[in-house]
Amino acid sequence: MKSPFAVLLLALCLAGCELLGDANRRTVEIDYARIRDIRYGLHVQPLLDRKCAGCHADADAAAGLRLDSWDHLVAGSAFGEALIAFDAENSLLLELATKLRPAHPAALGADTLRRDEIDFLARWIDEGARNDAGEAPYEGDREWLYVCNQDAGSISVIDLEARLVVRTVKLADFGFAGTPKPHHVAVEADGSFWYVSLIGANTVLKFNRRNELVGRTDIFEAPGLVSLHPEADLLYAGRSLSAVDPPRSIGVFRRSDMQLLDVVGVFFEKPHGLHVSPDGRYAYAVSLVTNQLAAVETATNDVSLSTFDGAPKGYLHLAIAPDSRTLYVTGQVAGQVQIFDLADPARPALRTTLDVNAAPWHPVLSPDGGTLYFGNKGANTVTVVDTRSQAVTAVLQGYGLAQPHGSTLSPDGHTLYLSNNNARGDYRPRYDLGDNEKAGTVVVINTSTGAIEKVLEVEALPTGIETRLSHHHR
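Remember, predicted model here, so these are calculated numbers, not experimental data.

Q: So what exactly am I meant to see when it comes to the pattern of salt bridges here?
A: Two side chains that carry opposite charge are able to pair once their charged atoms sit near each other. Within the structure shown, the criterion is met by 24 salt bridges. The partner of R66 in a salt bridge is D68, with the nearest N and O atoms 2.9 Å apart. Classification of D68 as partly exposed rests on a relative accessible area of 26%.

Now the structure itself:
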């Protein structure tokens, strides 16, 4: 039997060894480069606990960003995502540690991440930012919104429920060098595939919902806006606004295999705006230069041309009512919206003209067709039109609106999303990273209240934006 003194001595020795062990563990450096099978709980969370949890834990976390669990980390902050799975380069978590001067959290007097720790976290993110179960953030059957970043050569993918950028499709990964200029997106009604036009590569691409490239065509000059037929296996493409003298025609593709079926002459200069009617009978194209509109019968590709009087409006884009009986055209030069009756779908009849703020851009209609929305690129505003009274009912403005370009609605119509070029730098990014002074935005607006609910930062010059919509939206 051990004496009480011996038991006490043993306890003191064990305690001393334990403390010594803790001290040793604190001084032993982890060789992150040698870790091959990265486990979140074993490797990533302890690193975040040491370097980040002092400010980013519990309900009072700085900027609303909690870094004390995988679920909190991928949920992001009150402002947006902290990381983008498979894209360490554009993940804010690492940008703040590498681009901000002084690097975060050194600006707060705390130890920042070392180079080896940054490289390790970058590797974890590029491998999918997976949790201990091997799951990447925001996988599965989710509602996604696609945003073309024209000057960055990428497409940002936003999760509609989380309201975060969750993926980046980099066109360089598919062999596109230089600036392919992704411009506009169209998405299948069931979300199974999405299509993007590349102005700088004379190409239209087809991706599946896993963002895998499954089809392409490389023989169409300066593709701009794209639109899907609601029933037939057809995709239509117009020409880019930035093209100097593009062909006076639109393209018709079989979208199942991306074969160019026909090039339909529309006779006028710069056929930019393009939309297929919800009933699928006609594709309409408008001219940026002349007040002309072409109605292309989809069954035959026969063209009926209409010309309207007055000074050039600069027809930019169009939207069509769910019943295919009314057409709305934005005139970016005149600062007007013109409303046409489609009782004779081959011969639109001008019904009324509305004066709006400068440079109305891409219009989108509510699910019932009762409300028309579009951004005013020249005024940093959003115009709301009641289509029944044919009157402007609201002009929205606020933080994040900086040359609004593309617009789309959530499938239920409750949320409006607008991409903003910010080419003039009207919007000031939340952090100065040295290369992001003209970062674009996606502004999230509640259509019931008109309130801006969130502003997401994306890459340079966001243009076309689209999500899965029912056919009468398209």
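Q: How should the sheet that holds strand 7 (residues 213-217) be read in this particular structure?
A: Through backbone hydrogen bonds, the strands of a sheet pair up, either in parallel or in antiparallel fashion. Taken in spatial order, the four strands line up as 4-5-6-7 in an open sheet, and their pairing is antiparallel. At either margin of the open sheet sits one strand with a lone partner, and together these are strand 4 (182-187) and strand 7. Each strand of the sheet is rotated relative to its neighbour by a mean of 20°, with strand direction disregarded. In terms of strand pairing, strand 4 meets strand 5 (residues 193-198) through five bridges, oriented antiparallel. Looking across to strand 5, one finds that A186 is bridged to Y195.

Q: Quick question: what am I supposed to make of the packing of helix 2 (residues 40-51) against helix 5 (residues 115-126) here?
A: The packing of two helices is summarised by the inter-axis angle and the distance between the axes. In the contact formed by helix 2 and helix 5, the axes pass within 12 Å of each other and the chain directions differ by 135°. Between helix 2 and helix 5, the interaxial angle falls into the category oblique. Handedness of the crossing formed by helix 2 with helix 5: left-handed. Between helix 2 and helix 5, the residues in contact are Y40, H43, V44, L47, L48, R50 and K51 and E117, F120, L121 and W124, respectively.

Q: Looking at this structure, I do not really get the nonpolar core. What am I missing?
A: Most often, soluble globular proteins have nonpolar side chains that are buried together. Judged by nonpolar contacts, the single largest core of 46 residues is most densely connected at L73, W124, W194 and V196. At six residues, the largest contribution of residues to this core is made by helix 5. Sequence-distant contacts of W194, that is, excluding residues within four places in its chain, are made with Y146, I155, V169, V185, A186, V187, L205, K206, F207, N208 and N211.

Q: Can you walk me through the confidence of the model for the protein chain in this structure?
A: Low pLDDT marks regions whose predicted coordinates should not be analysed in detail. Per-residue pLDDT for the protein chain has a mean of 91; in total, 92% of the residues score no lower than 70. This model gives residues 1-27 a pLDDT under 50, and the stretch forms two contacts once residues within four places in sequence are excluded. The model gives residues 470-474 a pLDDT under 50, and that stretch makes 23 contacts with residues more than four places away or in other chains.

Q: It is not clear to me how the sheet that holds strand 14 (residues 292-297) should be interpreted in this structure. Could you clarify?
A: Taken together, four strands build an open sheet; the order of strands is 12-13-14-15 and the sheet is antiparallel. Of all the strands in the sheet, just strand 12 (271-276) and strand 15 (303-307) have a single pairing partner and so form its edges. Here the strands of the sheet are splayed against their neighbours by 20° on average, with no regard to which way each runs. Here strand 13 (residues 282-287) runs beside strand 14; their pairing, made up of five bridges, is antiparallel. What sits directly across from Y282, in strand 14, is E297.

Q: Any chance you could explain the side chain of S249 here in plain terms?
A: Its place among the elements puts S249 in strand 10 (residues 249-254). You can call S249 buried: its relative accessible area is 6%. Looking at S249, its side chain comes within polar contact range of the side chain of R239, at 2.7 Å.

Q: Quick question: what am I supposed to make of the pairing of strand 18 (residues 336-341) here?
A: Taken residue by residue, a regular strand's side chains alternate between the two faces of the sheet. For strand 18, the tally of buried residues reaches five of six residues, placing the bulk of the element in the interior. The antiparallel hairpin formed by strand 17 (residues 326-331) and strand 18 contains four residues in its connecting segment, where G335 sits at a positive phi of about 65°. Sheet topology places strand 18 next to strand 19 (residues 349-355); six bridges connect them, and they run antiparallel. Within strand 19, the position partnered with Q338 by the bridge is T353.

Q: Would you take a moment to explain the environment of S197 for this structure?
A: Its location among the elements puts S197 in strand 5. Owing to a relative accessible area of 0%, S197 belongs among the buried residues under this scheme. Sequence-wise, S197 and H183 are 14 residues apart; in three dimensions their C-alpha atoms are separated by 5.6 Å. Ignoring anything within four residues of it in the chain, the contact list for S197 reads K181, P182, H183, H184, T203, V204, P223, G224 and V226.

Conventions used here
- Residues numbered from 1 in each chain as written.
- Predicted model: local features only at pLDDT ≥ 70, side-chain atom pairs only at ≥ 80, totals over all residues.
- Heavy atoms only, no water.
- Salt bridge = Lys/Arg side-chain N within 4 Å of Asp/Glu carboxyl O.
- Buried < 20%, exposed > 50% of the residue type's maximum accessible area, 1.4 Å probe, protein only.
- Pairing = 2+ DSSP bridges.
- Helix = DSSP H or I, 4+ residues; strand = E, 2+ residues; numbered from the N terminus.
- Axes fitted to C-alpha atoms, helices over the stretch in contact; angles between N-to-C directions.
- Parallel < 35°, antiparallel > 145°, perpendicular 65-115°, else oblique.
- Left-handed = near helix turned anticlockwise from the far one by under 90°.
- Contact = heavy atoms within 4.5 Å.
- Core = buried A, V, L, I, M, F, W, Y, C linked by side-chain atoms within 4.5 Å.
- pLDDT = per-residue confidence, 0-100.
- Polar contact = N/O pair within 3.5 Å; in protein donor to acceptor, adjacent residues only side chain to side chain.

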